[in-house]
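The lines below spell out each chain.
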Amino acid sequence: MTQPPIRLLIVDDHPIVRDGLRGAFAGTAEFEVVGVAADGAAAVARAVELRPDVVLMDLRMPGVDGAEAIRRLRLRAPAVRVLVLTTFDTDSDVLPAIEAGATGYLLKDAPVEDLLRAVRSAARGESVLAPAVAGRLMGRVRRPASGGTLSQRELQVLKLIADGATNREAATKLLISEASIKTHLLHIYDKLGVRDRAGAVAEAFRRGLVA
């Protein structure tokens, strides 16, 4: 007996990416793209309406982002599987998506065959992680609990950076050198599991370290 096609909803704010993904699934009867959406709010509405088997979800989108959309889908359409497909693999991207309920996490540089295989697995409810993402999660698990605790000075630096201060402005405010600010930032990135200032600020807000 022929299996029905896996029904897909593609969510990405870039039209070229949406068209490219649609084309990747067009060559086989195994998949059916039932709809597209350009942001998280539209993704939730379309998923509730269309009830796809799998949602291919970008993360960084205007308005409602991917992680929030996944949280809403878990409440409104819990049977729908969500496979994150994004460019970003920092902890501040990976962890909220996984915690929100994503079935899998794939990067956009994955070969088409890997993408198709991941969608098949997600449709079966199996977890799929890009190797880089799996490595990050393992590193997170293995990291000593004390490694994530920021010192008082690091918190001061982080709050100033979150307020938009440059390294020089933060150094002047705290009466320390710019080199010290840079060192504190490197320690902050390591402890928060991010790569840059934007990631540190986003993770700080997520953890409630800054208001």
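Let me sum up the structure you'll find in this document. (Residues numbered from 1 in each chain as written. Predicted model: local features only at pLDDT ≥ 70, side-chain atom pairs only at ≥ 80, totals over all residues. Heavy atoms only, no water.)

### Here's the deal with the sheet that holds strand E4 (residues 81-86)
Next, step 1: With respect to topology, six strands assemble into an open sheet ordered E2-E1-E3-E4-E5-E6, the strand pairing being parallel. The sheet is open, and its two borders are formed by strand E2 (31-37) and strand E6 (128-129), each paired with just one other strand.
Next, step 2: Both strand E1 (residues 6-11) and E2 contribute to a ladder of six bridges, which runs parallel. By the bridge assignment, leucine 8 is partnered in E2 with valine 33.
Next, step 3: Set on the sheet, helix H2 (residues 40-50) makes contact with E1, E2 and strand E3 (54-57); between it and E2 the angle comes to about 140°.
Next, step 4: Sitting on the sheet, helix H3 (residues 66-76) is in contact with E3 and E4, with an inclination near 160° to E3. (Pairing = 2+ DSSP bridges. Helix = DSSP H or I, 4+ residues; strand = E, 2+ residues; numbered from the N terminus. Contact = heavy atoms within 4.5 Å. Axes fitted to C-alpha atoms, helices over the stretch in contact; angles between N-to-C directions.)

### Overview of the pairing of E2
Next, step 1: Within E2, five of the seven residues are buried, leaving the element largely enclosed by the surrounding structure.
Next, step 2: Where the polypeptide runs from E1 across helix H1 (residues 15-26) and back to E2, its parallel neighbour, the crossover connection is right-handed. (Buried < 20%, exposed > 50% of the residue type's maximum accessible area, 1.4 Å probe, protein only. Right-handed = clockwise from strand over helix to strand, strands pointing away.)

### What about the layout of surface pockets?
Next, step 1: What the largest pocket holds in volume is close to 370 Å³.
Next, step 2: In this structure, the largest pocket is lined by 19 residues; those nearest its centre are Arg60, Asp65, Ser92, Asp93 and Ala202.
Next, step 3: Those elements that provide at least two residues to the lining of the largest pocket are H3, helix H4 (91-100) and helix H10 (197-207).
Next, step 4: Top element by residues in the lining of the largest pocket is H10. It accounts for five residues.
Next, step 5: Looking at the lining of the largest pocket, its residues break down into seven nonpolar, four polar and eight charged. (1 Å grid on protein atoms, 1.4 Å probe; cavity = no way out; pocket = protein on both sides within 12 Å on 5 of 7 lines; lining within 4 Å. Points joined across faces, edges and corners; volume = space filled by probe spheres on them. Nonpolar A, V, L, I, M, F, W, Y, C, P; charged D, E, K, R; others polar.)

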